[in-house]
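Single-letter residue listing:
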Amino acid sequence: MFLSSMHDSSAFSFGIGSSISARRAAIEAELRHLANFSGHDISVDVEGGCVILSGVVSSQLDLYRAMNVATDIAGADRVIFQVSFSQMAFA
């Protein structure tokens, strides 16, 4: 992941004690730095203790990439994933 490669010390982590807003920022940063990623308009919001991703991507691979980034950072139980796949949106 981008953030992991930029910060090689253990002082920078999104562990159990990190806030949900910090996790939101980390997800946004990771999505911005994914190579060849079609979902640059994905919005990342916070509601309660959950991170909500919404938007459209043009490939199933990008759908899975966005989902992996969000669940790796926030945890699968804290992600509401409302991203859809549509090749037509990018034609």
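These remarks concern the structure in this document. Each chain carries its own residue numbering, running from 1 in the direction its sequence is written. Per-residue local features are limited, in this predicted model, to residues with pLDDT of at least 70; the limit for side-chain atom pairs, both in listing and counting, is 80 or more; totals at the level of whole chains, interfaces and linings are taken over all residues. Hydrogens and waters are ignored; side-chain quantities use all the structure's heavy atoms.

**Quick notes on the side chain of S38**
Numbering goes from the N terminus for both helices and strands, where a helix is a DSSP run of H or I of at least four residues and a strand is a run of E of at least two. By secondary structure assignment, the location of S38 is in the loop between α2 (20–32) and β1 (43–47). Within polar-contact distance, the side chain of S38 engages the backbone nitrogen of S58 at 2.8 Å. Two N or O atoms form a polar contact when they lie within 3.5 Å of each other; inside protein one atom must be a possible hydrogen donor and the other a possible acceptor, and for residues adjacent in sequence the pair counts only when both atoms belong to side chains.

**Structural notes on the environment of D62**
Inspection of the secondary structure assignment puts D62 in helix α3 (residues 60–74). Separated by 28 residues in sequence, D62 and L34 have C-alpha atoms that sit 9.3 Å apart. Among all residues touching D62, those that are not within four sequence positions of it are N36, F37, S38 and V57. Contact between two residues is taken to exist if any of their heavy atoms lie within 4.5 Å; hydrogens are not considered.

**Regarding the pattern of salt bridges**
It is possible for side chains bearing opposite charge to pair when their charged atoms get close. Salt-bridge detection follows one rule: a side-chain nitrogen of Lys or Arg within 4 Å of a carboxyl oxygen of Asp or Glu. Applying the stated criterion to the full structure yields two salt bridges. The shortest N-O distance in the salt bridge between R24 and E28 comes to 3.4 Å. Of this pair, R24 and E28 both sit in helix α2, separated by four residues, roughly a single helical turn. Using a relative accessible area of 25% as the deciding quantity, one classes E28 as partly exposed. Note that D62 and R65 form a salt bridge whose closest N and O atoms lie 3.0 Å from each other. With a gap of three residues between them, D62 and R65 both fall in helix α3, about one helical turn apart. Here's how the labels work: a residue is buried when its accessible area is under 20% of the maximum for its type, exposed when over 50%, partly exposed in between, all with a 1.4 Å probe on protein chains only. Residue D62 is classed as buried on the basis of its relative accessible area of 3%. For R65, a relative accessible area of 21% corresponds to the partly exposed category.

**With respect to the sheet that holds strand β2 (residues 50–57)**
For two strands to pair, DSSP has to find at least two bridges joining them. On the basis of which strands lie adjacent, the open sheet formed by three strands has the order β1-β2-β3 and mixed pairing. Lying at the two open borders of the sheet, with one neighbouring strand each, are β1 and β3 (79–85). Across the sheet, the mean angle from the axis of one strand to that of its neighbour is 15°, orientation sign disregarded. Sheet analysis places β2 next to β3, joined by seven bridges and oriented parallel. For V57, the partnering residue across the bridge sits in β3 and is F85. α2 rests against β1 and β2 of the sheet, and its axis sits at about 170° to β1. Running at roughly 170° to β3, α3 makes contact with β2 and β3 of the sheet. Geometry is summarised by axes, namely lines fitted to C-alpha atoms with helices restricted to the contacting stretch, and by angles between N-to-C directions that run from 0 to 180 degrees.

Bear in mind that shape data such as this cannot, by itself, settle questions of function.
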